[in-house]
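Survey of secondary and tertiary structure
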Amino acid sequence: MTVEFAEVDGQRIATFGKGPRKIVAAHGISASLMAWATVGRRLPDGWSLVAIDLRGRGHSDSLPGPYGLDRHAEDVLRIAERVGAGPGAVLTGHSMGAYVAVLAAAQREFAKVVLVDGGIPFAPLPEGQDPDTATRALLGPALERLRQTYASPEEYVEFFKAHPAFAGKWTDDVEAYARYDLTGPEGALRPRAVGEAVLEDGRWLHAERDRIAAALERISAPLTLLRAPRGLLDQPVGMLPDDLVRPWIERLPKLRDEVVPDCNHYTILFDERCADIVVERLTS
């Protein structure tokens, strides 16, 4: 599977495959376009996947704010137009990228929208809890790594290998994802994800629940939700538990809900068996 990197108005994209049928993909809150590598490599003939480094992440880390999911949705729609992803294209997003996909799909037509372990509004915060605290509690090690520097790429890879989500589940694509994320001088390497962007987007997720809900209801395309049964730290409760999703299944008859067995929030994209299910739902 061929991969080509390019820039659109200073924003990095990667195109997996050369097929005329296009998928546009957005990643999670502290991730990069390399989160889509396993899925992109496993596409059937005739398809291509355009993965985007969102503003403040990956090789789009130098793009300025303001951030916020509505800004990311604008970027996704602009890039979709520039790469020729017309109404027949598929739109997808993982984690925070799924919420970005919801906002984008509410504004223009796509053939299909596939939300991967995201896109359903969070429950309201407990009274007195601020969004930054909730974001830190949710992301845990993901925010910890943004505050540190690393002596070498190998040290950063070892940090990732210790993440509970990847214990016993390490792959070449996970390692490539980790190495792609680094910038800075040798001896003081740091992740590319901008901490300010992560926190601003976390605030948006909690503060704009009503906007996400309204956007979900405006989507006219067939809508699929793929959920991981295990969470960000491989804990036994996923990011989107049944009691959070059930009201939306009742509210949106067009929503197809599917739990992808034996995966967590990260391995739903990186484990080849799970990635094959994602590919099937994107292209069938």
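Predicted model only: the values in this text are computed from it and were never measured.

Examining empty space enclosed by the protein
If you walk through the whole model with that rule in mind, you get two cavities of 30 Å³ or more. Estimated volume of the largest cavity: approximately 210 Å³. For the largest cavity, the lining is made up of 22 residues, of which Gly28, Ile29, Ser95, Leu139 and His265 are closest to its centre. Among the elements of the structure, helix H3 (96–105), helix H4 (131–139) and helix H8 (195–207) are those that each provide at least two residues to the lining of the largest cavity. In the lining of the largest cavity, the residues fall into 14 nonpolar, eight polar and no charged.

Some details on the layout of surface pockets
Taken as a whole, the largest pocket holds about 400 Å³ of empty space. Lining the largest pocket are 19 residues; nearest its centre among them are Phe122, Leu138, His206, Gly238 and Met239. Of all the elements, H4 adds the most residues to the lining of the largest pocket, at three residues. Classifying every residue of the lining of the largest pocket gives 14 nonpolar, five polar and no charged.

What counts, and at which threshold
- Starting from 1, residues in each chain are numbered consecutively following that chain's sequence as written.
- Only residues with pLDDT of at least 70 are given local features in this predicted model, and only at 80 or more are side-chain atom pairs given and counted; all residues enter the totals for whole chains, interfaces and linings.
- To get the side-chain values, take all heavy atoms of the structure and skip hydrogens and water.
- Grid spacing is 1 Å over the protein atoms alone, the probe is 1.4 Å, and a cavity is where that probe fits but cannot get out, while a pocket is an open set with protein on both sides within 12 Å along at least five of seven lines and lining residues have an atom within 4 Å of a point.
- Grid points are joined across faces, edges and corners, and a volume is the space filled by probe spheres set on the points.
- Secondary structure is summarised from DSSP: a helix means a run of H or I of at least four residues, a strand means a run of E of at least two, and numbering begins at the N terminus for each.
- Gly falls in the polar group here, along with every residue not listed as nonpolar (Ala, Val, Leu, Ile, Met, Phe, Trp, Tyr, Cys, Pro) or charged (Asp, Glu, Lys, Arg).

The values reported here are purely geometric and, on their own, carry no functional implication.
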